[in-house]
Amino acid sequence: MADAGVNLEFDRARQKFKNSLLNSLLKKEIGSLFKFVETYKDERVEKRTVLDQVFRDVLCQMIREAKENGELKEIVNFAVESVKNDICSPSTPFMMLADVFDMLTLERCEDIFDLVEDKVSVWKSDTFYESGKNYLLRMCNDLIRRLSKSQNTVFCGRIQLFLSRLFPLSEKSALNLASQFNLDNVTIYASHKSPNEAGEPNESMETDKAEEESSKIPIDYHLYSKFWALQDYFRRPVQCYEKGPWQTFTQHAKDVMSIFSSYKLDDLSSSRKKAPQPSTSQASLQQHMQNFFAKYLTSEKLLNLQLSDSNFRRYVLVQFLIIFQYLKNPVKFKNQNQVLTEEQSDWIKESKETVLKLLCETPPLGEQFCNSVKHMLEREEHWNTWKNEGCPSFIKEKQKEPPKPKSKPKRRLIGDDLMATGGKVVKMGSPELTRLWNLNPDNMEACKAISRVFLPKLDDFFDNAIDQADPEAMVEEQYKDINHENFQWKAYRLLARSSPHFFVHTNTPGQPLNVHLKDIVDKMSKEKNPNMSTSEIKPDVSLAEEEEEMKDNNDEDDDLGQEEQDENGSPSLQLTKDQIRIVSAQLGSNWMNLGSQLGVPKDDMDYFKGQFDNNTEAAVSMLTVWQEEDPERDCVSAVISALKVIKLEAIIDLLS
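For clarity, every value in this text was computed on a predicted model and none was experimentally measured. Every chain is numbered independently, its residues counted from 1 as its sequence is written. A pLDDT threshold of at least 70 governs which residues receive local features in this predicted model, and a stricter bar of 80 or more applies before side-chain atom pairs are shown or counted, although totals over entire chains, interfaces and linings include all residues. Values shown for side chains rest on all heavy atoms present in the structure; no hydrogens or waters enter the calculation.

A word on the overall build of the chain
Part 1 of the reasoning: Secondary structure elements are defined from DSSP: runs of H or I of at least 4 residues count as helices, runs of E of at least 2 residues count as strands, and each element is numbered from the N terminus. The helix and strand tally for the chain stands at 31 helices and zero strands.
Part 2 of the reasoning: The cut-offs for exposure are 20% and 50% of the maximum accessible area for each residue type, with area from a 1.4 Å probe on protein chains only; residues under the lower value are buried, those over the upper are exposed, and the others partly exposed. Classification of the 656 residues of the chain by burial places 35% in the buried group.
Part 3 of the reasoning: Contacts are assigned to residue pairs with any non-hydrogen atoms lying within 4.5 Å of each other. When contacts within the chain are restricted to residue pairs at least 6 apart in sequence, those whose partners lie at least 24 apart make up 70%.
Part 4 of the reasoning: Only the protein chains shown count as cover for residues, and all accessible areas are computed by the Shrake-Rupley method using a 1.4 Å probe. For the chain, the accessible area works out to roughly 42,200 Å², and carbon and sulfur atoms hold 51% of it.

Topic: the side chain of asparagine 69
Part 1 of the reasoning: By the secondary structure assignment, asparagine 69 is in helix H4 (residues 69-84).
Part 2 of the reasoning: Once residues lying within four places of it in the same chain are set aside, the contact partners of asparagine 69 are Arg108, Asp111 and Ile112.

Focus: the confidence of the model for the chain
Part 1 of the reasoning: Per residue, pLDDT measures the predictor's confidence, with a range of 0 to 100. Model confidence for the chain is summarised by a mean pLDDT of 77, while 76% of its residues fall at 70 or above.
Part 2 of the reasoning: Mean pLDDT values over the elements of the chain span from 40, in helix H10 (residues 203-207), up to 93, in helix H18 (residues 342-361).
Part 3 of the reasoning: Across residues 534-543, confidence stays below pLDDT 50; counting only partners more than four residues off in sequence or on other chains, it has 16 contacts.
Part 4 of the reasoning: Residue range residues 560-571 is modelled with pLDDT below 50. Its contacts to residues more than four positions away, or to other chains, number three contacts.

Description of a positive patch on the surface
Part 1 of the reasoning: Side chains of Lys328, Lys349, Lys352 and Lys374 sit close together on the surface and give a patch of like positive charge.
Part 2 of the reasoning: By the secondary structure assignment, lysine 349 is in helix H18. A patch consists of residues whose relative accessible area exceeds 30% and which take part in no salt bridge; residues with like charges are grouped when within 9 Å of each other, and nonpolar side chains (Val, Leu, Ile, Met, Phe, Trp, Tyr) when within 5 Å. Basic side-chain nitrogens of Lys or Arg form a salt bridge, by our definition, when they fall within 4 Å of a carboxyl oxygen of Asp or Glu. For the purpose of counting charges, residues Lys and Arg are taken to be positive, whereas Asp and Glu are taken to be negative. His and the chain ends are not included. Lys charges are placed at NZ, Arg charges at CZ, Asp charges at CG and Glu charges at CD.

Some details on helix H31 (residues 635-645)
Part 1 of the reasoning: Among all positions in H31, only Cys635, Val636, Val639, Ala642 and Leu643 are buried. Buried positions in H31, seen along its axis, are confined to an arc of 130 degrees and lie on one side of it.
Part 2 of the reasoning: After H31 finishes, the residue lysine 647 shows a positive phi value of roughly 60 degrees. The arc in question is traced by the directions running from the helix axis to the C-beta atoms.

Focus: the environment of asparagine 134
Part 1 of the reasoning: By the secondary structure assignment, asparagine 134 is in helix H8 (residues 129-146).
Part 2 of the reasoning: Looking at asparagine 134, the relative accessible area reads 45%, which means it is partly exposed.
Part 3 of the reasoning: Separated by 39 residues in the primary sequence, asparagine 134 and serine 173 have C-alpha atoms spaced 10.0 Å apart.

Some words on the packing of aromatic side chains
Part 1 of the reasoning: Between rings of Phe, Tyr and Trp, where Trp is taken as its six-membered ring, a pair exists when centres lie within 6.5 Å; planes separated by under 30 degrees are stacked, by over 60 edge-to-face, and by other angles tilted. If you walk through the whole model with that rule in mind, you get 25 aromatic pairs.
Part 2 of the reasoning: The interplanar angle of 75 degrees and the centroid separation of 5.9 Å between the aromatic rings of tryptophan 123 and phenylalanine 128 together place this pair among those described as edge-to-face.
Part 3 of the reasoning: Its relative accessible area of 1% is what places tryptophan 123 among the buried residues.
Part 4 of the reasoning: Members of the aromatic cluster, joined through ring pairs, are Tyr233, Phe234, Trp246, Phe249, Phe320, Phe324 and Trp347.
Part 5 of the reasoning: It is arginine 138 that lies over the ring of tyrosine 135; its NZ or CZ is 5.8 Å from the centre.
Part 6 of the reasoning: The rule for a charge over a ring is simple: NZ of Lys or CZ of Arg within 6 Å of the ring centre, and within 35 degrees of the ring normal. Positioned over the ring face of tyrosine 326 is lysine 334, at 4.5 Å from the centre of the ring.

Things to note about the packing of helix H6 (residues 106-118) against H8
Part 1 of the reasoning: Helix axes use the C-alpha atoms of the stretch in contact, all axes being lines fitted to C-alpha atoms, and the angles between their N-to-C directions lie in the range 0 to 180 degrees. Contact geometry of H6 with H8 gives a least axis separation of 12 Å together with a crossing angle of 150 degrees. Relative to H8, the element H6 lies roughly antiparallel. Considering only the axes of H6 and H8, their crossing is left-handed. Two secondary-structure elements touch here, H6 through Leu106, Cys109, Phe113 and Val116 and H8 through Met139, Cys140, Leu143 and Arg146.
Part 2 of the reasoning: In the scheme used here, Gly and all other residues not listed as nonpolar or charged are polar, with Ala, Val, Leu, Ile, Met, Phe, Trp, Tyr, Cys and Pro taken as nonpolar and Asp, Glu, Lys and Arg as charged. Tallied by class, residues from the contact of H6 with H8 come to seven nonpolar, no polar and one charged. To sort the angles, those under 35 degrees are grouped as roughly parallel, those over 145 as roughly antiparallel, those from 65 to 115 as roughly perpendicular, and the leftovers as oblique. We call a crossing left-handed when the near helix sits turned anticlockwise from the far one by less than a right angle, and right-handed when that turn is clockwise.

Written out as structure tokens, the structure reads:
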């Protein structure tokens with residue numbers, strides 16, 4: 001045990017910490033290590049430094065002794081727990097993992113990498129992420145460099161998936177913000193004519209004459225060199241902004257697209273019938289190339305077969321679409337001189353349409369494949385825009401909710417905001433509108449002014465029609481106002497506003513409008529000129545008397561209906577004013593509970609509460625407005641049910 005009064009010495013403490021760690025590993029229990037470390041003075045920085053070195057020393061010793069992978073994982077787990085207990089530096093577990101992957105074989109590394117994948121949630125925690133993300137990235141990149149892309153594909157994929165889970169989508173280290181290209185991706189092809197082009201016999205051409213005749217693709221060195229030279233533009237498209245390379249690129253692209261257009265592929269079944277089978281060596285080579293290599297071979301002898309392959313053709317056409325999109329879209333890190341001219345933009349537009357057409361014509365499922373490619377390129381445009389905007393985070397921060405107002409302001413009447421008060425002039429945007437609006441400070445009162453009443457009197461409106469009704473005037477029927485639709489519409493509007501008793505339910509059959517208006521005009525003529533003699537005027541009843549008679553008949557009908565209702569004993573569906581007043585007086589402070597049961601909005605109840613200081617008046621106003629909203633509703637039954645819910649049955653007796 002350490003002496004509590006002795007300062008920590010690095011060499012002595014290193015050996016003691018090492019022994020304690022080995023004992024903890026042997027017991028598979030880390031608690032004893034924590035207790036031993038805590039026996040020293042509270043010199044946390046020095047103890048961390050010692051324990052960091054001890055963990056790496058023990059790990060290297062275990063690797064030299066060829067310990068099992070499980071024991072190596074155990075000591076890394078001990079280091080992680082030590083970091084969580086704040087007795088070890090956060091970077092120690094990552095340095096230990098880097099030592100493990102540097103010193104072990106790839107087979108053992110693949111097994112131990114399970115520990116790294118399982119603890120991805122630990123690495124992403126606040127304690128480990130900032131201090132360990134660079135270590136993990138460097139460690140994974142070193143592993144990928146050691147692995148073979150063709151033989152260790154599964155392990156490479158696991159590493160890539162781990163990195164995608166560890167880092168957020170907006171991590172700058174994985175976004176290629178500077179738009180750099182992989183210039184190491186060089187396509188090597190024959191840069192000079194083979195002896196066959198000089199006139200010497202070509203064994204391949206002799207054995208495969210049938211293939212050339214069936215394919216009808218004129219293959220020569222010029223087409224071969226132009227075709228593979230395009231790969232240099234695909235890997236470094238910025239050179240297309242220069243005049244010389246642009247002309248070369250466009251010429252080569254035209255020739256390749258012309259070959260694709262002149263020789264169209266059928267579906268797979270028909271293409272197999274038309275195209276002869278290649279030799280055994282070539283077929284096996286081509287199959288091996290398609291299944292295991294990311295790039296096609298550039299042999300002159302294989303180009304004829306490659307151009308007849310639908311997959312190979314699609315790869316080339318998609319490369320054209322990618323470079324077209326890069327040249328046209330704005331990229332943040334492009335130079336100022338890297339801009340297309342109008343002529344270049346037009347050529348790219350035409351070539352893009354040609355490429356899309358060729359993709360649709362390439363079997364199998366050409367149109368479906370073309371639509372999928374266009375969809376992916378559209379997504380790429382969104383990705384490019386996101387990078388140009390500085391890669392903003394996709395995680396939106398929660399916005400703070402605004403504080404709720406203490407009390408809801410009172411409702412304002414329509415026009416209050418535009419009311420010209422206090423000598424202020426409300427400007428409406430036009431001098432005439434401003435003048436009209438500010439004639440009166442109270443707009444509602446201005447609308448009620450006498451000068452705003454444009455309703456004419458009955459005698460003035462029907463004066464001309466009365467004169468036309470006089471037989472001595474000798475006005476023909478077709479010229480009388482009562483036969484004109486415009487006059488009829490205005491007359492009935494005026495009659496409805498002046499006397500509603502013109503529109504009643506009677507047993508009299510319906511009459512044409514002009515006939516009815518003629519009777520009205522004749523009665524008004526009799527009242528105006530009592531001495532007028534006309535056979536059409538009814539001398540017994542005046543217009544005013546008829547109105548009074550019709551009103552009396554309506555009142556009698558209403559009284560009769562009420563009497564019939566009382567005789568049948570059917571109760572009224574509406575609350576009377578006295579009932580509303582009585583219920584409101586008995587409710588007291590419970591009027592808002594009743595309003596909630598009746599479905600009155602809370603905003604309306606708050607408004608009534610703010611308008612009236614007395615609970616009774618607020619309840620009266622609430623019940624009145626609630627009842628007027630739906631006249632056909634059985635308000636009495638609804639109020640009784642609501643009173644039962646809030647347990648105020650004593651008030652129900654007052655409604656009977």
